[in-house]
Amino acid sequence: MKILVVEDNPQVAETIMDYLELAGHRVDCAYHGQAALQLLAEQRFDVIIMDVMMPRLDGLSTVERLRADGIATPVLFLTARDSLDDKLAGFRAGGDDYLIKPFAMEELEVRLQALALRGPRSDMGALTFGDLTVDPAAGRASRAGVELKLGKIPFQILTLLVRRAPRLVSRQEVLDTVWGDEEPDSDALRSHIYALRNALDKPFEHPMLETRHGQGYRLVTP
């Protein structure tokens, strides 16, 4: 297998890589989400090991980004966060398996082999919420059958919101997911939210985009 390890702790990353390389696999490493996205844009992997808690871009946001980009490589989340809500968040973000730290290396390898045999995801289709449909791979969105004309960044924001709907998405999470390290000024985000609201809500009777000042944004149904 060709495996990408995304882990911000160098000691943990090296331990995993050493074991997998001794087992005969080819392994590459990224220490944060932004680096992982860059590698995935350049290379193909059979499976990805993804830490959840990382600086710059966390694991959940990274997987949401790569799924939005149409990358169907299986992802195994590796984390110490073991609550049911944490696991569900991992699967909703686009993960395929979830292994809790500490773990046995033998179990990690077996799970990776199972994911690699299963192959790339075949469910990379459209997302729906109410009368809204978003197809991240195609870069298209529609509401009540009417296609929405959206720029690249408003579309990325909408994709994040529909993946999390109806939960609230913080302003900082929007910035981290869409811009990563290159955080824009507040006027830039405001203008993209304005453009999204014009396309998503203005032509329709009931608004879907809700702004909670000082908290974030979410999608609601009438």
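What counts as what
- Residues numbered from 1 in each chain as written.
- Predicted model: local features only at pLDDT ≥ 70, side-chain atom pairs only at ≥ 80, totals over all residues.
- Heavy atoms only, no water.
- Pairing = 2+ DSSP bridges.
- Helix = DSSP H or I, 4+ residues; strand = E, 2+ residues; numbered from the N terminus.
- Axes fitted to C-alpha atoms, helices over the stretch in contact; angles between N-to-C directions.
- Contact = heavy atoms within 4.5 Å.
- Salt bridge = Lys/Arg side-chain N within 4 Å of Asp/Glu carboxyl O.
- Buried < 20%, exposed > 50% of the residue type's maximum accessible area, 1.4 Å probe, protein only.
- Polar contact = N/O pair within 3.5 Å; in protein donor to acceptor, adjacent residues only side chain to side chain.
- Core = buried A, V, L, I, M, F, W, Y, C linked by side-chain atoms within 4.5 Å.

Trainee: Go over the sheet that holds strand β3 (residues 47–51), please, and point to the residues and values.
Mentor: Taken together, 5 strands build an open sheet; the order of strands is β2-β1-β3-β4-β5 and the sheet is parallel. Each of the sheet's edge strands pairs with one partner strand only, and the pair in question is β2 (26–30) and β5 (97–100). For this sheet, the mean angle separating the axes of adjacent strands, direction not counted, is 20 degrees. Bridge count for strand β1 (residues 2–6) against β3 is 4 bridges, and the pairing is parallel. Looking at the pairing, V5 lines up with I49 of β3. Along the sheet face, helix α4 (residues 84–92) touches β4 (75–79) and β5 and points at about 145 degrees away from the line of β5. Against the sheet, helix α5 (residues 105–118) makes contact with β1, β3, β4 and β5, and its axis sits at roughly 175 degrees relative to β5, the strand it touches most.

Trainee: Describe in detail unusual backbone geometry, supporting the description with residues and values.
Mentor: For the bond from K101 to P102, the omega torsion is -10 degrees, close enough to zero to count as cis. Examined against the element boundaries, P102 turns out to sit in the loop between β5 and α5. Here A165 and P166 are connected by a cis peptide whose omega angle stands at 5 degrees. Positionally, P166 belongs in the loop between α6 (152–164) and β10 (169–170). Here A144, not a glycine, exhibits a phi torsion of approximately 55 degrees, which is positive.

Trainee: Describe the environment of M105, and please don't skip the residues or the numbers.
Mentor: For M105, the position within the fold is in helix α5. Residues M105 and I16, spaced 89 residues apart in sequence, show a C-alpha to C-alpha distance of 7.6 Å.

Trainee: Describe in detail the pattern of salt bridges, supporting the description with residues and values.
Mentor: Scanning all chains against the criterion turns up 15 salt bridges. Between E64 and R164 there is a salt bridge, and its shortest N-O distance comes to 2.6 Å. Here E64, found in helix α3 (residues 59–68), pairs with R164, found in helix α6; they are 100 residues apart in sequence, far enough to count as distant. Since its relative accessible area comes to 4%, E64 is described here as buried. Across the pair R218 and E210 runs a salt bridge, and its minimum N-O distance is 2.9 Å. Judged by its relative accessible area of 23%, E210 falls in the partly exposed class. Each of E7, D51 and K101 takes part in a single network of salt bridges with overlapping partners.

Trainee: Lay out the side chain of D96 with the relevant residues and their values.
Mentor: The residue D96 is located in the loop between α4 and β5 in this model. Owing to a relative accessible area of 15%, D96 belongs among the buried residues under this scheme. In terms of polar contacts, D96 uses its side chain to reach the side chain of R67, at 3.0 Å. Here the side chain of D96 touches V75 through a polar contact of 2.8 Å, landing on its backbone nitrogen. Sequence-distant contacts of D96, that is, excluding residues within four places in its chain, are made with R67, T73, P74, V75, F91, L115, R118 and R121.

Trainee: Can you tell me about the nonpolar core, naming the residues and giving the values?
Mentor: Judged by nonpolar contacts, the single largest core of 26 residues is most densely connected at L132, L158, L200 and L219. Listed by contribution, the elements that provide at least two residues to this core are β7 (132–135), α6, α7 (171–179), α8 (186–200) and β12 (216–219). Broken down by element, the residue count for this core peaks at 6 residues, all from α6. Apart from the residues lying within four places of it in its own chain, the contact partners of L158 are L132, V134, A141, L148, L150, L196, L200 and L219. Of all hydrophobic cores here, the second largest spans 22 residues; its members include L4, L57, I71 and F77.

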